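Here is what each chain is made of, one letter per residue.
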Amino acid sequence: MSATPTIGVLALQGDVAEHQRVLDGLGARSVPVLRAEQLDRVDGLVVPGGESTTMSKLAVRYDLMEPLRKHVRSGLPAYGTCAGMIMLADRILDGTAGQETIGGIDMTVRRNAFGRQTESFEAAVRIDGVAGDPFDAVFIRAPWVESVGPGVAVLGQVPRGERAGRIVAVRQGSLLATSFHPELTGDARIHRLFVDMVKGHA
Ligand code: GLN
């Protein structure tokens with residue numbers, strides 16, 4: 001790979017442009033991914049936030065689900081935010097009937113876990129591997145990670161309040177996932193971690 005990694009953003013649905021802006025700002029070359037053959041030409045993949053049920057249906061309809069699974073299984077680095085975290089989970093709770101995921105991370109993720117009262121909120125979350133201040137994390141109808149397998153590193157948890165200790169950031173090998181949306185807050189540190197993972201993987 002050249003010094004400029006090409007990072008795809010799954011563009012079926014969700015906040016694709018926001019991720020592209022952050023990735024390009026970090027010196028990566030971002031490209032929207034809508035077709036299976038595009039997966040052969042990227043060094044990493046971001047699965048954005050949005051609505052995982054819709055994303056799942058569209059991935060099946062556009063014949064992308066199997067190719068996505070194949071690439072992730074064979075080591076393509078991927079980063080999922082919010083709905084994207086759900087998409088990278090091996091197991092989900094409170095999904096819709098027949099909702100499929102790409103999988104890859106040995107974890108169980110609960111959709112819309114933070115509930116109605118807190119549809120959207122912010123919290124300062126310390127992220128392992130991200131130096132400096134805690135991350136100003138924005139949660140929008142966010143999932144949390146209910147449990148993880150032995151190969152999964154927990155990188156971040158809700159620090160205090162009713163939901164203290166809930167897992168909201170994880171990593172397994174070259175797969176990264178957060179319940180929150182760093183593409184919306186102008187803090188590129190988690191994207192930088194992912195770009196470094198992509199570079200390190202080459
Ligand atoms: N609740 C959404 C879902 O289930 C995720 C919300 C988001 O990505 N902001 O997919």
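Residues numbered from 1 in each chain as written. Predicted model: local features only at pLDDT ≥ 70, side-chain atom pairs only at ≥ 80, totals over all residues. Heavy atoms only, no water.

## A short note on unusual backbone geometry
Keep this limit in mind: In DSSP terms, a helix is any run of H or I states spanning at least four residues, a strand is any run of E spanning at least two, and both are numbered starting from the N terminus.
Positive phi values are uncommon outside glycine, yet Cys82 reaches one of about 55°. For Arg141, which is not glycine, the phi torsion reads 40° and is therefore positive. Here Arg141 lies in the loop between β8 (135-140) and β9 (144-148).

## With respect to the pattern of salt bridges
Basically, it comes down to this: A pair is scored as a salt bridge if a Lys or Arg side-chain nitrogen falls within 4 Å of a carboxyl oxygen belonging to Asp or Glu.
Across all of its chains, the model carries ten salt bridges by this definition. Between Glu51 and Arg111 there is a salt bridge, with its nearest N and O atoms 3.0 Å apart. One end of the pair, Glu51, is in the loop between β3 (44-47) and α2 (52-61); the other, Arg111, is in the loop between β6 (105-110) and β7 (120-125), with 60 residues separating them in the sequence. Note that Arg163 is salt-bridged to Glu162, the shortest N-O span being 3.9 Å.

## With respect to the site of the ligand
Put simply, the rule reads: By convention in these notes, a residue is near a molecule or strand provided one of its non-hydrogen atoms lies within 4 Å of it. Nitrogen and oxygen atoms within 3.5 Å of one another constitute a polar contact, given that in protein one can donate a hydrogen and the other can accept it, and given that sequence-neighbouring residues count only through two side-chain atoms. The Shrake-Rupley method, run with a 1.4 Å probe sphere, supplies the accessible areas, and residue values consider only the shown protein chains as cover. As a working rule, the residues Ala, Val, Leu, Ile, Met, Phe, Trp, Tyr, Cys and Pro are called nonpolar, Asp, Glu, Lys and Arg charged, and the rest polar, with Gly in that last group.
Taken together, the residues surrounding the ligand are Gly49, Gly50, Glu51, Ser52, Cys82, Ala83, Ile86, Arg111, Asn112, Ile140, Arg141 and His181. Within the contact set of the ligand, an oxygen atom lies 2.9 Å away from a backbone nitrogen or oxygen of Gly50. His181 has a polar side-chain atom sitting 2.8 Å from a nitrogen atom of the ligand. The protein chains hide 98% of the 300 Å² of surface that the ligand would expose on its own. Looking at the shell around the ligand residue by residue, the class counts come to four nonpolar, five polar and three charged.

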